[in-house]
Each structure stands twice: as C-alpha cells, then as structure tokens.
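Residue-level listing of the chains:
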Amino acid sequence: MTEYANPSAELRARVALEKHRFHNTHSLGQNFLLSESLLEHLLDEAALAPEDCVLEIGPGAGLMTALMARRCKRVLAVELDNSLAPVLNDVLAGIDNVRIHYGDILKTDVVALAREAFGGGAYRVVANLPYYITADILLKLTTLSEPPESIAIMVQREAAERIMSAQGSKQWCALAAELQYYGQPRVLAEVPAEAFDPPPHVTSCFIRIDRHATPIVAPKDEQLYRRLIHAAFAMRRKTLANNLKAAFGLDQQQAKDVLAAAGVDERVRGEALSLEELCRVADAIFEIVR
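Positions within a chain are numbered from 1, following the residues in the order the chain's sequence is written. It should be noted that, the model being predicted, local features are given only for residues of pLDDT at least 70 and side-chain atom pairs only at 80 or more, the latter also being counted only at that level, while totals for whole chains, interfaces and linings use all residues. In computing side-chain values, all of the structure's heavy atoms are included and hydrogens and water are not.

### Some remarks on helix 9 (residues 222-232)
Whether a residue is buried, partly exposed or exposed follows from its accessible area with a 1.4 Å probe, protein chains only, as a fraction of its type maximum: under 20%, in between, or over 50%, in that order. Put simply, DSSP H or I for four residues or longer makes a helix, DSSP E for two residues or longer makes a strand, and each gets a number counted from the N terminus. For helix 9, the complete set of buried residues consists of L224, Y225, R226, L228, I229, A231 and A232. We call two residues in contact whenever any of their non-hydrogen atoms come within 4.5 Å of each other. At its buried positions, helix 9 is contacted by helix 6 (134-142), helix 8 (174-182), helix 10 (240-248) and helix 12 (275-289). N-capping of helix 9 is provided by D221, with a side-chain oxygen placed 3.1 Å from the backbone N of Q223. Pairs of N or O atoms are called polar contacts if they sit within 3.5 Å, as long as, within protein, a hydrogen donor faces a hydrogen acceptor (for residues adjacent in sequence, only side-chain-to-side-chain pairs).

### Considerations on the environment of A117
Structurally, A117 is set in helix 5 (residues 110-118). Sequence separation between A117 and L55 is 62 residues, and the spatial gap between their C-alpha atoms is 9.2 Å. When residues no more than four places from it in sequence are discounted, the contact partners of A117 are R74, L76 and R99.

### Side note on the pairing of strand 4 (residues 98-102)
At least two bridges found by DSSP between two strands is the condition for calling them paired. With five bridges joining them, strand 3 (residues 74-79) and strand 4 adopt parallel strand pairing. Bridge assignment links A77 to a residue of strand 4, and that residue is I100. Clockwise travel from the first strand over the helix to the second, with the strands pointing away from the viewer, marks a crossover as right-handed. Regarding the hand of the β-α-β motif, the stretch spanning strand 3, helix 4 (residues 85-91) and strand 4 is right-handed.

### Notes on the environment of P215
Considering the arrangement of structural elements, one finds P215 in the loop between strand 9 (204-211) and helix 9. When the C-alpha positions of P215 and G183 are compared, they lie 8.3 Å apart, and in sequence the two are 32 residues distant.

### A look at the confidence of the model for the protein
Each residue carries a pLDDT score, the predictor's own confidence in it, on a scale running from 0 to 100. Overall, the prediction assigns the protein a mean pLDDT of 93, with 97% of residues at 70 or greater. Residue range residues 1-6 is modelled with pLDDT below 50. Its contacts to residues more than four positions away, or to other chains, number 16 contacts.

### What about the pairing of strand 2 (residues 53-57)?
For a regular strand, side-chain orientation follows a simple rule: the groups alternate between the two sheet faces. Within strand 2, five of the five residues are buried, which leaves the element mostly enclosed by the surrounding structure. Taken together, the five bridges between strand 2 and strand 3 define a ladder with parallel strand orientation. From the neighbouring strand, C53 faces strand 3, where its bridge partner is R74. Following the chain from strand 2 across helix 3 (residues 63-71) to the adjacent parallel strand 3, one finds a crossover that is right-handed. Sheet topology note: the strand 2/strand 5 (residues 124-128) ladder contains four bridges and is parallel. Bridge pairing links I57 to A127 in strand 5.

### As for the packing of aromatic side chains
Ring pairs are drawn from Phe, Tyr and Trp, using the six-membered ring of Trp, whenever the two centres fall within 6.5 Å, and their geometry is named by plane angle: stacked under 30 degrees, edge-to-face over 60, tilted for the rest. Taken as a whole and judged by the stated rule, the model has four aromatic pairs. With centroids separated by 6.3 Å and ring planes inclined at 75°, the aromatic side chains of W172 and F233 adopt a geometry described as edge-to-face. With a gap of 61 residues between them, W172 in the loop between helix 7 (157-163) and helix 8 and F233 in the loop between helix 9 and helix 10 connect regions that are remote in the sequence. Here W172 and F233 have matching classes, each one buried. Summarising the aromatic geometry, the rings of Y181 and Y225 are spaced 5.0 Å apart at their centres and angled 80° between planes, so their arrangement reads as edge-to-face. Of this pair, Y181 sits in helix 8 while Y225 sits in helix 9, placing them 44 residues apart in sequence.

This is the structure:
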C-alpha cells in the first residue's frame with residue numbers, strides 16, 4: 001500500500017472540484033459523497049483488505065478512490081465522464097496504486113480490463129453509481145465469466161429492499177433471484193440524501209453482496225437457468241406454465257410435463273418459486289430442449 005503525507009483527502013477533493021469549476025451533470029446521475037469520515041465507515045463495512053484489488057465504478061471526485069488506495073493493493077477506477085479527468089488528476093496525484101480508465105462500464109470488457117490491471121487474480125467491486133443503471137451493472141457483474149468476489153454498491157433503499165426480498169414476497173423479482181444465485185446480499189448502512197452533493201431525492205443504502213464460495217444451486221445449464229429466472233417473472237399475472245410457453249416455445253403439454261418433472265404445481269406463478277425450485281424447472285426444460 002502507498003503511504004500519504006497529506007491525510008485530508010476530503011479537502012483535496014473539494015479544492016479540486018472548485019479549482020476546475022466542475023458542475024455535476026444531472027443526466028449522468030452525479031451525486032458525490034464528499035465526507036471522508038462517512039466513506040471511511042462505508043469502506044470498513046465493505047471489509048476491504050490490504051491484499052485486495054478493487055474495481056471501482058464511478059469514482060466521481062476520487063475521494064473514495066484515494067481512501068481505498070490507502071487500504072488496498074491496487075485500485076482500478078472506471079469513469080464515464082472525461083470532464084472529471086483534471087479533478088481526478090489532482091486528487092490522486094502521487095498515488096501510485098491507482099489507475100483510471102475512462103469509458104462506459106456497460107460497454108467495457110470488464111474481464112479483460114480486470115485481467116490487465118490485476119494480473120488475472122481475484123478482485124472486488126465498489127461502486128457509487130447513477131441509480132438508473134444499478135440493475136444493468138449488477139446483472140453484468142454477476143454474470144461475468146470471471147465475476148468479482150464481492151460487490152459493495154450504493155443503491156436506492158427501494159432497490160435494496162427488492163434485492164434482499166424473499167421467495168413469495170411482492171418484491172421477489174428476477175433481479176433478486178439472479179443476485180442471490182450469485183451471492184449473499186446484506187445492507188451495510190443507510191445513507192441519507194443530505195450526505196450527497198447534490199442530494200438525491202431518495203434515501204440510499206450501501207449494500208454488499210458476497211459471492212457464494214459454493215453455488216447454492218447447480219443447474220445443468222447456467223445460461224438456461226438465468227433465462228428461466230427472467231421468464232418466470234416476465235408476466236407476473238400469468239402462470240409459470242404460460243410464461244414457459246412464451247419464453248421457450250413449449251406447447252401446453254410440454255409445459256405441464258416440465259412442471260410435473262420439477263415437482264411444481266402447474267398453476268403456480270413464477271414469483272412463488274425458490275431458487276432451488278426454479279433450478280428444478282430449468283433442469284426439466286434442459287431435458288426437453290437439449
């Protein structure tokens with residue numbers, strides 16, 4: 001890790017933003033956290049270790065980037081907004097274990113970028129993202145061929161509630177099923193709107209999803225399983241049998257046979273099923289379509 005003479009990363013960030021007359025862009029969802037004490041608390045909760053390599057998505061003014069660099073082996077930060085370059089250059093000057101990559105994370109080959117930056121080893125993700133891309137980012141990260149060991153991310157409280165939801169609840173959804181298949185989510189801290197600059201119109205939660213050391217279900221075809229998850233929740237008012245017909249081109253009898261083989265009632269709706277039950281359905285479909 002790198003040692004620093006100036007402990008006030010917060011001051012450096014605030015001065016850099018003022019010096020370069022940076023103005024947050026609403027369309028990019030730029031709501032920065034500029035409290036060093038709050039960020040130190042969040043990073044404590046993220047459980048980063050000195051040997052960790054971290055992919056940060058959305059460094060913003062670079063304050064959290066600088067704080068993570070003190071704690072971790074290496075930080076790779078991906079930033080969409082090139083106009084933040086002079087700010088990040090000032091805040092991160094003299095810090096030799098940070099690399100900034102400018103680009104759209106949704107269009108980036110994350111596996112290739114992480115391999116290049118971290119030498120092919122394990123890595124973790126930390127992110128303070130625009131909320132409108134939260135689901136897209138999480139689904140991309142958790143379905144990578146080389147996914148991160150953990151994801152610590154700021155989300156809207158409502159999104160956190162959905163991610164933490166359980167089978168059979170009104171909030172149980174495809175996103176929750178996908179993320180809980182990847183790992184174990186938990187809320188680390190609730191962050192009020194006034195902690196951000198500028199304040200959003202929602203309360204936020206900092207959550208961490210730790211990748212399962214051993215998969216909690218083992219589908220015969222992982223891609224088909226993920227496809228089944230999304231099909232199950234596609235039309236919530238329809239039975240799972242009807243959703244299977246639409247998504248997999250099954251006829252009525254085939255859909256009934258799949259559910260019977262999986263030990264699932266043919267009248268059930270997708271949101272009523274657990275990950276294990278969804279896995280049984282996917283495996284039954286696999287036997288038909290392979």
